[in-house]
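# Structure at a glance
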Protein chains: 2
Amino acid sequence: MKTVKAEIIGIGTELLLGQIANTNAQWISSQLAAQGIHVYFHGVVGDNFSRCVETFEAAQRRSDLVIVTGGLGPTEDDMTRDAAQKIFSQKLIEDPESARRVEHFYLKNNRPMSPNNRKQALVFENAKVLQNEEGMAPGMMVEHENVLWVFLPGVPSEMKYLMKEHVLPYFQDYFQLQTEIVSEMLRFIGIGESQLEHELQDLISSQTNPTIAPLASEGEVGLRLTSKGDTEEEARSMIRSLKNVILSKMGDYYYGSDDITIQQEVLTLSKEKQLTIAAAESLTGGRFIDGLITLPGASSVCEGSVVTYTPDMKEKMLGIPGALIKEYGTVSEACAKAMAMNIKQLVKSDIGISFTGVAGPDSSEGKEPGTVYIGIQIKNEPVEVYHFHFNGTRETVRNRSVKKGYELLFHRLKKDLSSKKSGQ
Amino acid sequence: MKTVKAEIIGIGTELLLGQIANTNAQWISSQLAAQGIHVYFHGVVGDNFSRCVETFEAAQRRSDLVIVTGGLGPTEDDMTRDAAQKIFSQKLIEDPESARRVEHFYLKNNRPMSPNNRKQALVFENAKVLQNEEGMAPGMMVEHENVLWVFLPGVPSEMKYLMKEHVLPYFQDYFQLQTEIVSEMLRFIGIGESQLEHELQDLISSQTNPTIAPLASEGEVGLRLTSKGDTEEEARSMIRSLKNVILSKMGDYYYGSDDITIQQEVLTLSKEKQLTIAAAESLTGGRFIDGLITLPGASSVCEGSVVTYTPDMKEKMLGIPGALIKEYGTVSEACAKAMAMNIKQLVKSDIGISFTGVAGPDSSEGKEPGTVYIGIQIKNEPVEVYHFHFNGTRETVRNRSVKKGYELLFHRLKKDLSSKKSGQ
């Protein structure tokens, strides 16, 4: 397989004004990377004829594959077809099916169709037309002097539909893609990026196939492993071996791969163990339980939960004794402990988890913003209370608290599971 | 003021692999647009010497201002300095303050400093050095044959710091920016993008200064007004006049401008009227109340709230009669009504709002995914229940429900306020 040099060009003044980020280029790049196609350039240019032509000319000169997004709409600003015509001198003709689709759209929406809307159905005479089931303007592919040009609408849902349904499958044959690329994102929680990198430093710097790329996000760290092989099985087996080496060192912090989230993992473990979870949330204000209910199938684990944001509500809804609050305050180990026990009691759940603290920006009860207590009771075990100090804005403190709640639950659930298994 | 033609170049293979989106280019573009500097091109290129040089050469030829982000780090991959040297043939020298900063970082973190880390302190001999208080590698500005080059680190927080503290203020003088640009984003809820555009069609197509740009996002629509004037006051006054015209037509749907969110507006109105809000959430699982508690100062409005995800919890925590659930189901007008009344009662709040429905992916109680009931009771007024059918994934249905809850509350609170005011 020869190296395919690809270039992605986004057309649209809204990109140059910074109104939106070029997420199309990111998504397309990740799809091409997964097929072993090398992206060498991204470009963005506005709705301007001569600058479009300049950009297209450079692409024709230096790339094997050019993917253009945007500029296919009905207005005079939409410049992609005209500029591309300077490159390939092909006539534009109306594609009957696309014209029908445009007409149908206006009929269905009971809106009059102005003549310029037919422009969206224009395609190059030798183009392979890509019917757009998600919108009006079709995509198209044109081969010109050994360069394959792909034109796609700028609306992300339409672009993605056409890429997945038509374009990516076409590339497989067209470019005779033989190298198989496999990648897996390993996800870790409870360890910082620098510590993880430090522990794996030798591996990371010596590895070339598979490669290891660390990626930090709020409260967790990922390692992307990417391998190339002649067959998918060969590539997969290289990933498996490397993963085993990494997990033998850092397995305690690993919670899952690829699209798995820590919430999903907590939900899955709870289901496996038939445990229900109820939360009593103060500073996190419902965000913890929302993270579980986001997931399909949450109802067997989450039955009910409360948000008690004021001291009064902690008394009224959870029955925290006024005397306790008076003595220790609501931002305290004692209050977190009582909240976890009492929500478990109230909902009759197997697990009670509580969050109380100071999100900021102001201090509260003489405690600094970022002071957070998390209480956890599982079945009739003693309640455990964890004390943290998180730095950052109100938003960061709340997010870190929620993430930490999942992390603590995950490690508890996993430990119980493994100690049970080893005891069998 | 002559037109300044700017170009933004991002350096980094992680961009071409699609691991991250080029949000740096978006942010810089929006800042330049606000200063009246025209961005004509965005480019992204990997950590490759010859392609960096090719990209830099094109920029030197066609632009007045080139902003480069990334590629200033310590590793051999970091190519920006070497490639730029091909353009300006200036020597690289060590900047003493930056060298101290790099050394200090390693000392402070108790880590050994490898010699290649000093590379980060290298600057062009005639550069204006921009000290990086947020990281290690300094930024720099170099003038070469009438083109101003700005080099910035790729880490967004460092890039933004240097832009705000050093680069943008410098541009003001350097480019003699005289035109003042003012913009305001008007935010509307309860009306679709196409309907809003349709109502304002004549205005949108005829306006050139200020311009009007519609922007849709989930469940709401924005209109960005942007004006240019010789003075800020002139630009502001143009925005004010146009805003008045737009609001005289569409004011019923307008809720605020710029960074205001609908949650913020609901919180502000509730505070003004000294009303507290409690929610009983089923399918929205805490996301509604979380949206309020996210905001500083929420505690005077949100005291407590419940998530009752199962029928059993609706009975136990909210006292919804089992007979009602048996007869109508939990996804029903009757249940939404009882939930709104009972949460208001339980928390002794002024407003009770309830959410019950089917988020999907599966049907529930014979109701299709997307079926949603929202109940609202304000003080002792009769409960109003609204019935919706939202299309989309579980995530979309839940988000649309939450947004709709804010929209309904906003319109109720605003109506009460204006009828009170007009009755004074």
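Starting afresh in each chain, residues are numbered from 1 along the sequence in its written order. For naming, the first written chain is A and the first written ligand is 1, with later ones following in the order written. In keeping with the predicted nature of the model, local features appear solely for residues at pLDDT of at least 70, side-chain atom pairs appear and are counted solely at 80 or more, and the whole-chain, interface and lining totals rest on all residues. With hydrogens and water set aside, each side-chain value is computed from the structure's full complement of heavy atoms.

Moving on, we come to the sheet that holds strand β17 (residues 384-389) of chain B. The strand order across the open sheet formed by ten strands is β17(A)-β16(A)-β15(A)-β13(A)-β14(A)-β14(B)-β13(B)-β15(B)-β16(B)-β17(B), and the pairing between neighbours is mixed. Bordering the open sheet on either side are β17 (384-389) of chain A together with β17 of chain B, each of which pairs with just one other strand. Sheet twist, expressed as the average angle between the axes of neighbouring strands with direction ignored, equals 15°. Paired strands, as defined in this entry, are two strands with at least two bridges between them according to DSSP. Strands here mean DSSP runs of E at least two residues long; helices mean DSSP runs of H or I at least four residues long; both are numbered from the N terminus. Note: strand β14 (residues 304-308) of chain A against strand β14 (residues 304-308) of chain B, five bridges, orientation antiparallel. Each axis is a line fitted through C-alpha atoms, taken for helices only over the stretch in contact, and angles between the N-to-C directions span 0 to 180 degrees.

In the sections that follow, a salt bridge refers to a side-chain nitrogen of Lys or Arg positioned within 4 Å of a carboxyl oxygen of Asp or Glu. Scanning the model with the defined rule gives 34 salt bridges over all chains in all. Across the pair Glu133(A) and Arg101(A) runs a salt bridge whose closest N-O atoms are separated by 3.9 Å. Pair noted here: Glu133(A) is in the loop between β6 (128-130) and β7 (139-144) and Arg101(A) is in helix α5 (residues 96-108), with a separation of 32 residues, a long-range link. Between Glu220(A) and Lys403(A) there is a salt bridge; the shortest N-O distance is 2.9 Å. On the criterion of sequence distance, the pair formed by Glu220(A) in strand β11 (residues 220-229) and Lys403(A) in helix α15 (residues 394-423) is long-range, its members being 183 residues apart. Note on accessibility: Glu220(A) and Lys403(A) belong to one class, buried. Because the salt bridges share partners, they merge into one network encompassing Arg287(A), Glu395(A), Arg398(A) and Asp290(B). Summary of the burial criterion: residues with accessible area below 20% of their type's maximum are buried, those above 50% are exposed, and those between are partly exposed, where the area comes from a 1.4 Å probe applied to protein chains only.

Residue and element names in this part refer to chain A. The strand order across the open sheet built from four strands is β10-β11-β9-β12, with neighbouring strands paired in antiparallel fashion. On the outer flanks of this sheet lie β10 (211-217) and β12 (254-257), each paired with one strand and no other. Averaged over all neighbouring strand pairs, the angle between strand axes comes to 25°, with direction disregarded.

On to the relation of the copies chain B and chain A, then. Mapping chain B onto chain A calls for a screw motion: a turn of 180° about the axis and a shift of 0.3 Å along it, with 0.3 Å RMSD after fitting. What the superposition gives is, in effect, a two-fold axis relating one chain to the other. By definition, residues are in contact when any of their heavy atoms lie within 4.5 Å. Taken together, the interface assignments show that 97% of the residues at the interface of chain B recur at the interface of chain A, consistent with an identical surface on both copies. Copies overlap after least-squares fitting; the atoms used are the C-alpha atoms of residues with pLDDT of at least 70 in both.

Let us look at the confidence of the model for chain A. pLDDT measures the predictor's confidence residue by residue and takes values from 0 up to 100. On average, residues of chain A carry a pLDDT of 91, and 97% of them reach 70 or more. Across residues 420-424 of chain A, confidence stays below pLDDT 50; counting only partners more than four residues off in sequence or on other chains, it has one contact.

All names here are of chain B. Of all the six residues making up strand β7 (residues 139-144), five are buried; the element is thus mostly covered by neighbouring parts of the structure. Where strand β6 (residues 128-130) lies against β7, three bridges are found, and the strand directions are antiparallel. Residue pairing for β7: Leu130 is matched across the bridge by Gly139. Pairing of β7 with strand β8 (residues 147-152), which is carried by five bridges, proceeds in the antiparallel orientation. Considered in β8, the bridge of Glu143 is made with Leu148. In sequence, β7 turns back onto β8 through a hairpin of two residues, with Glu145 there showing a positive phi of about 45°.

Now for the side chain of Glu281(B). Inspection of the secondary structure assignment puts Glu281(B) in strand β13 (residues 277-281). Sequence-distant contacts of Glu281(B), defined by excluding residues within four places in its chain, comprise Gly286(B), Arg287(B), Phe288(B), Ile289(B), Val306(B), Val307(B), Thr308(B) and Phe355(B).

With that settled, the discussion passes to the packing of helix α12 (residues 311-318) of chain B against helix α14 (residues 333-347) of chain B. Residue and element names in this part refer to chain B. At a minimum axis distance of 10 Å, the contact between α12 and α14 shows a crossing angle of 35°. For the pair α12 and α14, the sense of crossing is left-handed. Where α12 abuts α14, its residues Lys314, Met317 and Leu318 lie against Cys335, Met339, Asn342, Ile343 and Leu346. Take the far helix as your reference; a near helix turned counterclockwise from it by less than a right angle gives a left-handed crossing, and one turned clockwise gives a right-handed crossing.

Once that is clear, we can look at the environment of Cys335(B). All names here are of chain B. By the element assignment, Cys335 lies in helix α14. Given a relative accessible area of 0%, Cys335 falls into the buried group. Between the C-alpha atom of Cys335 and that of Gly375, which follows or precedes it by 40 residues, the distance is 8.8 Å. Setting aside residues no more than four positions away along its own chain, Cys335 makes contact with Lys314, Ile320, Leu324, Gly329 and Thr330.

Okay, the interface of chain B and chain A next. Contacts between the two partners involve 60 residues from chain B and, on the opposite side, 59 residues from chain A. Values labelled buried area give the accessible surface lost by two parts on being combined, using a 1.4 Å probe and summing over both. Buried area between chain B and chain A, summed over both chains or domains, comes out near 4700 Å², and the portion from carbon and sulfur atoms is 57%. Looking only at chain B, the three residues that lose the most surface to chain A are Leu16(B), His42(B) and Ile293(B), adding up to 12% of its buried area. For the pair chain B and chain A, the number of links is six salt bridges. The shortest N-O distance in the salt bridge between Glu54(B) and Arg62(A) comes to 2.9 Å. Side-chain atoms alone can form a polar contact between residues adjacent in sequence; in general such a contact is a pair of N or O atoms within 3.5 Å, and within protein one must be able to donate a hydrogen while the other accepts it. Linking chain B with chain A are 30 residue pairs in polar contact (both at pLDDT 80 or more), by the criterion used here. A breakdown of the residues in the side of chain B that touches chain A according to their chemical character gives 27 nonpolar, 21 polar and twelve charged. Across five bridges, the pairing between strand β2 (residues 38-45) of chain A and strand β2 (residues 38-45) of chain B is antiparallel. Bridge pairing links Gly43(A) to Gly43(B) in β2(B). Under the grouping applied here, Gly and all other residues not named as nonpolar or charged are polar, the nonpolar ones being Ala, Val, Leu, Ile, Met, Phe, Trp, Tyr, Cys and Pro and the charged ones Asp, Glu, Lys and Arg.

With that settled, the discussion passes to the domain arrangement of chain A. Each domain of chain A was delimited in the assignment, giving domain 1 (5-174), domain 2 (180-257) and domain 3 (262-423). Between the C-alpha centres of domain 1 of chain A and domain 3 of chain A the distance comes to 49 Å. A domain assignment, automatic or from a database, supplies the domain bounds used here.

Turning our attention to unusual backbone geometry. Between Asn209(A) and Pro210(A) the backbone carries a cis peptide bond, its omega angle lying at 0°. For the bond running from Gly360(B) to Pro361(B), omega is 5°, close enough to zero to count as cis. In this structure, Pro361(B) sits in the loop between β15 (351-357) and β16 (371-378). Backbone geometry places Lys348(A), a non-glycine residue, at a positive phi of 55°. Note on placement: Lys348(A) falls in the loop between α14 (333-347) and β15 (351-357). Look at Lys348(A) and you get exposed, because its relative accessible area is 58%. Look at Glu145(B): it is not a glycine, yet its phi comes out positive at around 45°. Structurally, Glu145(B) can be placed in the loop between β7 and β8. Of the residues examined, Glu145(B) reaches a relative accessible area of 61% and is grouped as exposed.

A word on the state of the cysteines. Here, the word disulfide means a covalent bond between the sulfur atoms of two cysteines. Defined by distance alone, a disulfide is two cysteine sulfur atoms within 2.5 Å. Counted under the stated rule, the structure contains zero disulfides over all chains. Cys302(A) takes part in no disulfide bond, and the closest cysteine sulfur, belonging to Cys335(B), lies 18 Å away. According to the relative accessible area criterion, Cys302(A) is buried, its value standing at 1%.

Residue and element names in this part refer to chain A. Among the seven residues in β15, seven count as buried, and that is most of the element. Burial along β15 is two-sided: the face carrying Ile351, Ile353, Phe355 and Gly357 and the face carrying Gly352, Ser354 and Thr356 are both buried. When strand β13 (residues 277-281) meets β15, the two strands line up parallel, connected through five bridges. Counterpart to Ala280 in the pairing with β15 is Ser354. One ladder, built from seven bridges, connects β15 with strand β16 (residues 371-378); its direction is antiparallel. What sits directly across from Gly357, in β16, is Val372.

Turning our eyes to something else, we now look at helix α4 (residues 80-88) of chain A. Residues and elements named next belong to chain A. Regarding α4, the residues found buried are Thr80, Arg81, Ala83, Ala84, Ile87 and Phe88. Down the axis, α4 shows its buried residues gathered within 165° of arc, on one side only. Where α4 ends, the next residue or the one after it, Ser89, has phi of about 45°, a positive value. In this description, the arc belongs to the directions extending from the helix axis to the C-beta atoms.

Pairing of aromatic rings covers Phe, Tyr and Trp, the last counted by its six-membered ring, and requires centre-to-centre distances within 6.5 Å; plane angles under 30 degrees mean stacked, over 60 mean edge-to-face, and any other angle means tilted. Here the structure, examined in full by the defined rule, presents 28 aromatic pairs over all chains. On the numbers, 5.0 Å between centres and 45° between planes, the contact of Phe288(A) with Phe355(A) is tilted. Residue Phe288(A) is found in helix α11 (residues 287-293), and its partner Phe355(A) is found in strand β15; the two are separated by 67 residues along the sequence. Judged by relative accessible area, Phe355(A) falls into the buried class, the value being 0%. A ring pair is formed by Phe171(B) and Phe175(B), whose centres lie 5.4 Å apart and whose planes are at 65°; its orientation type is edge-to-face. Here the two residues Phe171(B) and Phe175(B) agree in accessibility, since each one is buried. Grouping aromatic residues by their ring pairs yields a cluster made of Phe56(A), Phe88(A), Phe124(A), Trp149(A) and Phe151(A). Lysine NZ or arginine CZ positioned within 6 Å of the ring centre and within 35 degrees of the ring normal marks a charge as sitting over the ring. Directly above the aromatic system of Tyr40(A) lies the positively charged group of Arg51(B), at a separation of 3.4 Å from the ring centroid.

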